[in-house]
Amino acid sequence: MEDASAMPDVDEPRAPANPAALGTSAAADARDAAADADGLVETDDLVQTPDAAEAADPGPERSALQALEARLLGGERKFRRRDVAHGAGVSLLSARKLWRAMGFPNIGDDDVAFSERDRDALTTVIDVVRAGLLTEEAAISVTRAIGQMTDRMVVWQIEALVEDIAEERGVSDAQARRVLVSELPDLIDPMEKMLLYSWRRQLNAGVQRLAVRAQAGLDSSAEGRHGAEDDAPLPLARAVGFADLVSYTSLSRRMNEKTLAKLVQRFENKCAEIISVGGGRLVKTIGDEVLFNCETPVAGAEISLALAEAMAADDFLPEARVSMVWGRVLSRLGDIYGPTVNLAARLTALAEPGTVLIDSTTAAALNSDERFVLIPQEVQEVRGFGAIHPVILARGQGMGLVVD
């Protein structure tokens, strides 16, 4: 993407005037400008071209797939990548940088892979930069976030729908995947509405959590600290926790596909519910382990205890090792980083099944709260941290989190 002052208007596309933007070069821009003069292509080389008989009667499955693609892409594929870049008024290299951020596969010069909606989407991002609302770097980062999150989301949704079709109708997995193609159109609009609704709600919550209340968290985390800690420069105060299923690897080797899927889904669903009710955020799931964070040590303690108790009470799931550390983190790329995260991960490995382990700093933050019992343990040498004073966190007064 180019400097806003140098970018051409969308309705007058031409080669970008700033050859340095997004890694372009004057030679590449010149080649792009020459290629743009070729005009638009009206054939579809990317999708396999059916033979004459199939074109006359493509069959119900192929017809359903073609109709689904046209609806999802907003029309037929009729543009090459240079055509789309030309329509947005940017160099091909600038467009490719954004498409890579979205996670799109590499497309050849002669592949007819894009629809008018692709051109409109690229123009939207370019216009945001031209208007000065985002820098080029920020636009690429935001685009990458959208691409990565929606990729994971659609895989999750498709597999959930396939599983439901297979179980409800007693058909094979392969048959369920074929059925999905014909039945998905009825779900597109409601899923799209829910996506937009959820995004707006999550954006509002994120602004409160990551902007409005950020300073209050730093102020509260300063108590009992001398300011020279490794995490002191980091911008957010968070309780960071891990929950790790015991003996997951050995169990997974003995399970069939359906049983393993049920275990994984049950574990993640329980964790997601508890973390949500406790006011936390499930950062990510890594196989048999979840990483979460929340804004106060009390919330982190309640979530941690509830996770350990829920796994212990579930006859289908193995027990969990849980850890929690109150400190400061860096939030980037939808993930969290820093010594606090690393220490919490180390403590998880030290915890006994069914228990919650915290460090001495976190214990000090919870020491006066009657809802928790703190049981100091022997000093442990922890890789990267030296001597650590771990503390078992147990239930004190009160009921803890109630997940209805």
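What counts, and where the lines are drawn
Residues numbered from 1 in each chain as written. Predicted model: local features only at pLDDT ≥ 70, side-chain atom pairs only at ≥ 80, totals over all residues. Heavy atoms only, no water. Helix = DSSP H or I, 4+ residues; strand = E, 2+ residues; numbered from the N terminus. Buried < 20%, exposed > 50% of the residue type's maximum accessible area, 1.4 Å probe, protein only. Contact = heavy atoms within 4.5 Å. Areas by Shrake-Rupley, 256 points an atom, 1.4 Å probe, with all protein chains shown as cover. pLDDT = per-residue confidence, 0-100. Core = buried A, V, L, I, M, F, W, Y, C linked by side-chain atoms within 4.5 Å. Phe/Tyr/Trp six-rings, centres within 6.5 Å; stacked < 30°, edge-to-face > 60°. Lys NZ or Arg CZ within 6 Å of the ring centre and 35° of its normal. Pairing = 2+ DSSP bridges. Expected span 1.5 Å × (residues − 1). Arc of directions from axis to C-beta. Patch = residues over 30% accessible without salt bridge, like charges linked within 9 Å, V, L, I, M, F, W, Y side chains within 5 Å. Salt bridge = Lys/Arg side-chain N within 4 Å of Asp/Glu carboxyl O.

Draft legend 1. Region of the structure containing the overall build of the protein. Check the secondary structure of the protein and you find 15 helices and 10 strands. Looking at the protein residue by residue over its 404 residues, the buried ones come to 36%. Put simply, 68% of the contacts in the protein that link residues at least 6 apart link residues at least 24 apart. As displayed, the protein has an accessible area near 22,300 Å², and 53% of this comes from carbon and sulfur atoms.

Draft legend 2. Quick peek at the environment of V373. Looking at where V373 falls in the secondary structure, it is placed in strand β7 (residues 372–376). When the C-alpha atoms of V373 and L393 are compared, they prove to be 5.9 Å apart, with 20 residues separating the residues in sequence. If we skip the residues at most four places from it in the chain, V373 touches I392, L393, A394, R395 and G396.

Draft legend 3. Main features of the confidence of the model for the protein. Summing up the model confidence of the protein, the mean pLDDT is 85 and the portion of residues at 70 or higher is 85%. Looking across the protein, the model is least confident in helix α1 (residues 26–36), with a mean pLDDT of 45, and most confident in strand β6 (residues 356–358), with 97. Counting contacts from residues 31–54, a segment whose pLDDT is below 50, to residues more than four positions away or on other chains yields 40 contacts.

Draft legend 4. Structural context of the nonpolar core. Membership of the largest hydrophobic core comes to 36 residues, with the highest contact counts inside it found for L307, I358 and L393. Looking at this core, the elements that each hand over two or more residues are β1 (236–245), α12 (257–277), β3 (289–294), α13 (297–313), β4 (320–332), β6, α15 (360–366) and β10 (391–395). In terms of residues, this core owes the most to one element, α13, which gives nine residues. Core analysis: the second largest hydrophobic core is formed by 17 residues, V283, V341, A344 and L347 among them.

Draft legend 5. Representation of the packing of aromatic side chains. Counting across every chain of the model gives one aromatic pair. Geometrically, the ring pair formed by W99 and F114 is stacked, given 4.6 Å between the ring centres and 20 degrees between the ring planes. Separated by 15 residues along the polypeptide, W99 in helix α5 (residues 92–102) and F114 in the loop between α5 and α6 (116–130) bring together distant segments of the chain. According to the relative accessible area criterion, F114 is buried, its value standing at 5%. One Lys or Arg, K262, reaches over the ring of F316 and ends 4.8 Å from the middle of that ring.

Draft legend 6. Unusual backbone geometry, seen in detail. One non-glycine residue, S247, lies in the positive phi region at around 60 degrees. Counting through the fold element by element, S247 comes out in the loop between β1 and α11 (248–254). Here L333, not a glycine, exhibits a phi torsion of approximately 55 degrees, which is positive. Within the fold, L333 resides in the loop between β4 and β5 (335–337).

Draft legend 7. The pairing of β3, seen in detail. In terms of residue burial, β3 counts as a mostly covered element, since six of its six residues are buried. Every second residue of β3 is oriented toward a common face, with E289, L291 and N293 on one face and V290, F292 and C294 on the other, all of them buried. The pairing of β1 with β3 spans six bridges and is classified as antiparallel. Within β3, the residue paired with F242 across the bridge is L291. When strand β2 (residues 281–286) meets β3, the two strands line up antiparallel, connected through five bridges. Note that in β3 the partner of K284 across the bridge is L291. The turn joining β2 and β3, which pair antiparallel and follow one another in sequence, is formed by two residues; a positive phi near 65 degrees is taken by G287.

Draft legend 8. Quick peek at helix α7 (residues 136–169). With 34 residues, α7 extends 49 Å from end C-alpha to end C-alpha; this agrees with the ideal 50 Å at 1.5 Å per step. The secondary structure elements touched by the buried residues of α7 are α5, α6 and α8 (173–183). With its phi angle positive at about 65 degrees, G170 sits one or two positions after the end of α7.

Draft legend 9. Layout of α6. Here α6 spans 21 Å end to end across 15 residues, near enough to the 21 Å set by a 1.5 Å rise per residue. Those residues of α6 lying buried are D118, L122, T123, I126, V129 and R130. Angularly, the buried residues of α6 cover 130 degrees about the axis, an arc narrow enough to put them on a single face. A positive backbone phi angle near 80 degrees is found at G132, which sits one or two residues after α6.

Draft legend 10. Inspection of a nonpolar patch on the surface at higher detail. Taken together, the side chains of L196, W199, L203, V207 and V212 present a nonpolar region at the surface, about 480 Å² in accessible area. Relative to the helices and strands, L196 is located in helix α9 (residues 185–212). Judged by its relative accessible area of 45%, L196 falls in the partly exposed class.

Draft legend 11. Structural view of the pattern of salt bridges. Within this structure, the stated rule accounts for 20 salt bridges. Across the pair E69 and R77 runs a salt bridge whose closest N-O atoms are separated by 3.1 Å. By relative accessible area, which is 29% here, E69 ends up partly exposed. E302 is the partner of R395 in a salt bridge, and the nearest nitrogen-oxygen pair spans 2.8 Å. Taken together, the residues span a long stretch of sequence, with R395 in strand β10 and E302 in helix α13 at a distance of 93 residues. One salt-bridge network, held together by shared partners, links R81, R82 and D109.

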